[in-house]
Amino acid sequence: MRILGMVTHTHDTGVALLNDGEIEVVVEEERLNREKKTQLFPAGALDAALHERGLTIDDVDVITMPWNIPRFWWTFTKALLRKFPRSTNLVHARSHPVQQNQLFRGSGYLASRLREHLGRSELPPIVGVGHHDSHAAGYFVSPFEDATVLVMDGYGDDASTSLYLGEGARLERRWHTSMFNSLGIVYTVVTGHLGFTPNRDEGKVMGLAAYGSDRLVEAFRDLVHLEPEGRYRVDMRYFQFDCYGLDRPTTPLFREKFGPPRRPDEELTDHHRDLAFALQAVIEETILHVARHLASAHPSRNLCLSGGVALNCVANAKILEETDFERIWIPPNPSDAGVPLGSALWHHHVTNRKPRHFVLTHPYYGKEYSQDECRAALADFGMDFEDLPEDDLLRRVAADLADGKIVGWFQGRFEMGPRALGNRSILADPRRAEMKDIINRRVKHREPFRPFAPAVLLERASEWFELEQEDPFMTIAPKVRKEKVPLIPAGVHEDQTGRIQTVDRRTNPRYHGVIRAFEELTGVPVLLNTSFNRQEPIVSTPAEAISCFLRTDMDVLVLGDSYSTDRNEASIALAEKRFADGREQPGCPAAM
């Protein structure tokens, strides 16, 4: 049975294709239409999943969407009645995440857009799957035979936090909080208060937190109260997002205690850093409070995490450090980017009662481009290049990295989820303390406090980081071992952590090979890894990779087997012109 998971007109729209329980394709629309956090119908992702694989909609048995619309309407109606008439502002809030999207229009809206795109009236049945059920279904492709499953996000159909127990092919929800009792929304609200973009820049705030002090932590604890049996309660004296969405999310009491909102162009001060620190500290305390209870109340020593809050890699590491869970697993796309896949998995295993047999060991389920397409794109930009045998390629790139050069690395199918994991990456030498500032300034053009990820050989990871399990999806930020900190200063954040990726030879031999070649030259089995982009979605096509390379100050570009250092003026001018014209990012403003 082939199941198409799909979501449209919410943030992170995209598709996933599941065939007899095995993943065929997972594609977020933003990678193709070049609009970050796009809410548009995922036409490009749908075509990538079907047409480019020689399939049509007739090859699909059922379509799933990761929302239970009747359940959402019941929950939303109760929320409106609870604080009527002020709560009616939720319907009109410009920044409300569900305004004018498929949650208000239901599966019929998805069907109408599919008919319009496909030019046909007959479709497979469309099934709604609970939002948190879709998040929790990542358990089915985890390496665990049993697990406690914790979902924490902004909100779902009826909850913001849910507990599930998984055993074999069974997954059952045991309890959940209310929709607006949400750690995810609190983090998003404070992200906006600090002058960043809500539902996009929460990771920036997590990075900023390491530079703050604990001055505001005690005051911030009054916003989230810890209750018995692992429960918590958001104090709504400080918030009004349950009436005004993100248009007016805080009350005068919040602003009296923590100051006015920061303008995006306003300089960051110690107060802003301290508020970020307090937010991160209290969210960590709350997550640990929940996790400790789950570990004491349920026998499994395995924990699966999902929902947008599971992107908080610092908190994830502390669960391993400070609770009785022995292993944790987070999918590469725990946010809403992963729920199309989750809804398909839920339908396959829960609704259809199919056994488990597939484990997600790598994230590379996006589009792939042939070597001929890479060569054609380089020629189109007028760039000189050479094709190298793999061993020669790895040795040359490793030598370039050891010499302090910045490498754009483009290989195979692109990753699912928000992080570059070795197929659409920018690589650099972590031994050079100045490298983080160089990449932030020359390539990424972003805030100097943003950290980069150390990618480490799986077999060497525990020697360099305080972590005794693999993490192929960059979801945990453990402490760097003290004796190793001086050896990889660019990969160590202000709090002495590193958001690592363990690289396994079996799942990505070429990526593993370049790190191994770097180790042979330097003695360090670690490379600095960041996403291949510059204030845009991660590149998808060879042309986008070339454009990004030419518009930044990278030194080397590798597209598959093709190696180039050519940055001639004509090629650079062509890249700038095409980017300004929007040819490399259709559907996206030229200035980002």
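Our structure's up above, just so we're on the same page.
Owing to the predicted nature of the structure, the values given are computational and were not obtained by experimental measurement. Within each chain, residues carry numbers counting from 1 in the order of the written sequence. Per-residue local features are limited, in this predicted model, to residues with pLDDT of at least 70; the limit for side-chain atom pairs, both in listing and counting, is 80 or more; totals at the level of whole chains, interfaces and linings are taken over all residues. To obtain the side-chain values, all non-hydrogen atoms of the structure were used and water was disregarded.

K.L.:
I tried to follow the packing of helix H17 (residues 390-402) against helix H20 (residues 509-522) on my own but got confused; where do I start?
P.N.:
Axis angle and axis distance: for two packed helices, these are the angle between their axes and the distance between the axes, and together they describe the pair. Remark: H17 packs on H20, axes separated minimally by 8 Å, with the N-to-C direction vectors making an angle of 55°. Regarding the angle of H17 to H20, the classification is oblique. Between H17 and H20 the crossing geometry is right-handed. Contacts between H17 and H20 involve Glu 390, Leu 393, Leu 394, Val 397, Ala 398, Ala 399, Leu 401 and Ala 402 on the former and, on the latter, Arg 510, Gly 513, Val 514, Ala 517, Phe 518, Leu 521 and Thr 522. In this classification, Asp, Glu, Lys and Arg are treated as charged, Ala, Val, Leu, Ile, Met, Phe, Trp, Tyr, Cys and Pro as nonpolar, and every other residue, Gly included, as polar. Looking at the contact of H17 with H20, its residues break down into 11 nonpolar, two polar and two charged. Axis geometry follows a simple rule: fit a line to the C-alpha atoms, using only the stretch in contact for helices, then measure angles between N-to-C directions, giving values from 0 to 180 degrees. Under the scheme used here, helices are H or I runs from DSSP no shorter than 4 residues and strands are E runs no shorter than 2 residues, and both carry numbers assigned from the N terminus. Working definition: roughly parallel below 35 degrees, roughly antiparallel above 145 degrees, roughly perpendicular at 65 to 115 degrees, and oblique for all remaining angles. The hand of a helix crossing depends on one turn: near helix anticlockwise from the far one by less than a right angle means left-handed, and clockwise means right-handed. Contacts are assigned to residue pairs that have any heavy atoms within 4.5 Å of one another.

K.L.:
What's the story with helix H8 (residues 183-193) in this structure? I'm lost.
P.N.:
Structurally, the α-helix is built with 3.6 residues per turn, so residues lying three or four positions apart point the same way. Relative accessible area decides the class of each residue, using a 1.4 Å probe on protein chains only: under 20% of the type maximum gives buried, over 50% gives exposed, and in between gives partly exposed. Across the 11 residues of H8, 10 count as buried, placing the element largely inside the fold. Residues Leu 183, Gly 184, Ile 185, Val 186, Tyr 187, Thr 188, Val 189, Val 190, Thr 191 and His 193 constitute the buried set of H8. Downstream of H8 by one or two residues, Gly 195 has phi in the positive range, about 90°.

K.L.:
Looking at this model, I keep getting lost on the side chain of Ser 425. Mind explaining?
P.N.:
Mapping Ser 425 onto the fold places it in strand E15 (residues 424-428). Judged by relative accessible area, which is 0%, Ser 425 ranks as buried. In this structure the side chain of Ser 425 is engaged in a polar contact, spanning 3.0 Å, whose partner is the backbone nitrogen of Gly 422. Those residues in contact with Ser 425, other than ones at most four positions away along the chain, are Val 407, Gly 408, Trp 409, Ala 420, Asn 529, Thr 530 and Phe 532. Under the rule applied, a polar contact is a pair of N or O atoms within 3.5 Å (in protein, one hydrogen donor and one hydrogen acceptor; residues adjacent in sequence only if both atoms are side-chain atoms).

K.L.:
I tried to follow a negative patch on the surface on my own but got confused; where do I start?
P.N.:
The patches described consist of residues with a relative accessible area above 30% and no salt bridge, like charges being joined within 9 Å and nonpolar side chains (Val, Leu, Ile, Met, Phe, Trp, Tyr) within 5 Å. Using a 1.4 Å probe, accessible areas were evaluated by the Shrake-Rupley method; residue-level cover was limited to the displayed protein chains. Salt bridges are defined by distance alone: a side-chain nitrogen of Lys or Arg within 4 Å of a carboxyl oxygen of Asp or Glu. Note on charges: Lys and Arg go in the positive column, Asp and Glu in the negative column, and His and the chain ends are not counted at all. Where a charge lies is defined by one atom per residue type: Lys uses NZ, Arg uses CZ, Asp uses CG and Glu uses CD. A surface patch of negative charge is lined by Asp 20, Glu 22, Asp 59 and Asp 61. Positionally, Asp 20 belongs in the loop between strand E2 (14-19) and strand E3 (22-28).

K.L.:
Please explain the packing of aromatic side chains as it appears in this structure.
P.N.:
How two aromatic rings sit relative to each other is set out by the distance from centre to centre and by the angle between their planes. Only Phe, Tyr and Trp rings are paired, with Trp represented by its six-membered ring, and only when their centres lie within 6.5 Å; those with planes under 30 degrees apart are stacked, over 60 edge-to-face, the remainder tilted. Across all of its chains, the model carries 15 aromatic pairs by this definition. Taken together, a centroid distance of 6.2 Å and an interplanar angle of 75° make the contact between Trp 67 and Phe 72 edge-to-face. Side by side, Trp 67 and Phe 72 carry an identical accessibility label, which is buried. With a centroid separation of 6.4 Å and 85° between ring planes, the pair formed by Trp 73 and Phe 76 is classed as edge-to-face. Of this pair, Trp 73 and Phe 76 both sit in helix H3 (residues 69-82), three residues apart, roughly one helical turn. By relative accessible area, Trp 73 is classed as partly exposed at 36%. On the basis of relative accessible area, Phe 76 is assigned to the buried category, the value being 2%. An aromatic cluster is defined as three or more aromatic residues linked by ring pairs; in this entry it consists of Phe 180, Phe 220, Phe 239, Phe 241, Phe 254 and Phe 258. We call a charge positioned above a ring when the Lys NZ or Arg CZ atom is no farther than 6 Å from the ring centre and deviates by at most 35 degrees from the ring normal. Lying over the aromatic face of Tyr 139, Arg 356 brings its terminal NZ or CZ to 4.4 Å of the ring centre. It is Arg 567 that lies over the ring of Phe 549; its NZ or CZ is 5.1 Å from the centre.

K.L.:
Just checking my understanding: could you explain unusual backbone geometry for this structure?
P.N.:
The residue after Phe 84, namely Pro 85, is reached through a cis peptide bond having omega 5°. Mapped onto the fold, Pro 85 is located in the loop between H3 and helix H4 (89-92). Its identity as a non-glycine residue notwithstanding, Asp 20 has a phi of 50°, on the positive side. Relative accessible area serves as the criterion here: at 42%, Asp 20 is assigned to the partly exposed category. Here the phi dihedral of Gln 496 falls at roughly 70°; this positive angle occurs in a residue that is not glycine. With respect to the helices, strands and loops of the structure, Gln 496 is situated in the loop between helix H19 (461-464) and strand E17 (501-503).

K.L.:
Help me understand the environment of Leu 521, please; the structure alone is not making it clear to me.
P.N.:
Mapped onto the secondary structure, Leu 521 falls in helix H20. For the pair Leu 521 and Leu 401, spaced 120 residues apart in sequence, the C-alpha separation works out to 10.0 Å. Discounting residues that sit within four places of it in the chain, Leu 521 has contacts with Ala 398, Ala 399 and Ala 402.

K.L.:
What should I look at first to understand helix H21 (residues 542-551) in this one?
P.N.:
For H21, the buried fraction is high: nine of the 10 residues fall into the buried class. The set of residues buried in H21 consists of Pro 542, Glu 544, Ala 545, Ile 546, Ser 547, Cys 548, Phe 549, Leu 550 and Arg 551.

K.L.:
Where do I start with the pairing of E2 in this structure?
P.N.:
Regular strands show a simple pattern: their side chains alternate between the two faces of the sheet. Of all six residues in E2, five are buried, a share of seventy percent or more. Strand pairing is assigned whenever DSSP detects at least two bridges linking the two strands. In this structure, strand E1 (residues 2-7) lies alongside E2, joined through six bridges in antiparallel fashion. From the neighbouring strand, Met 6 faces E2, where its bridge partner is Val 15. With six bridges joining them, E2 and E3 adopt antiparallel strand pairing. Following the sheet pairing, Val 15 is matched in E3 by Val 27. The turn linking E2 back onto E3 is made up of two residues, and Asp 20 within it adopts a positive phi angle of 50°.

K.L.:
Just checking my understanding: could you explain the pairing of strand E9 (residues 224-227) for this structure?
P.N.:
In this sheet, strand E10 (residues 231-234) lies alongside E9 in antiparallel orientation, the contact comprising four bridges. Note that in E10 the partner of His 225 across the bridge is Arg 233. Counted along the chain from E9 to the antiparallel partner E10, the turn is three residues long, and its residue Glu 229 has a positive phi close to 60°.

K.L.:
What's the story with the sheet that holds strand E14 (residues 407-410) in this structure? I'm lost.
P.N.:
The strand order across the open sheet formed by eight strands is E13-E20-E19-E14-E15-E18-E16-E17, and the pairing between neighbours is mixed. Both outer strands of the open sheet, strand E13 (386-387) and E17, are each paired with one neighbouring strand and no more. Both E13 and strand E20 (residues 562-564) contribute to a ladder of two bridges, which runs antiparallel. Residue pairing in the sheet places Asp 387 in a bridge with Ser 562 of E20. Packed onto the sheet, helix H18 (residues 435-444) meets E15 and strand E18 (526-531) and runs at close to 30° relative to E18.

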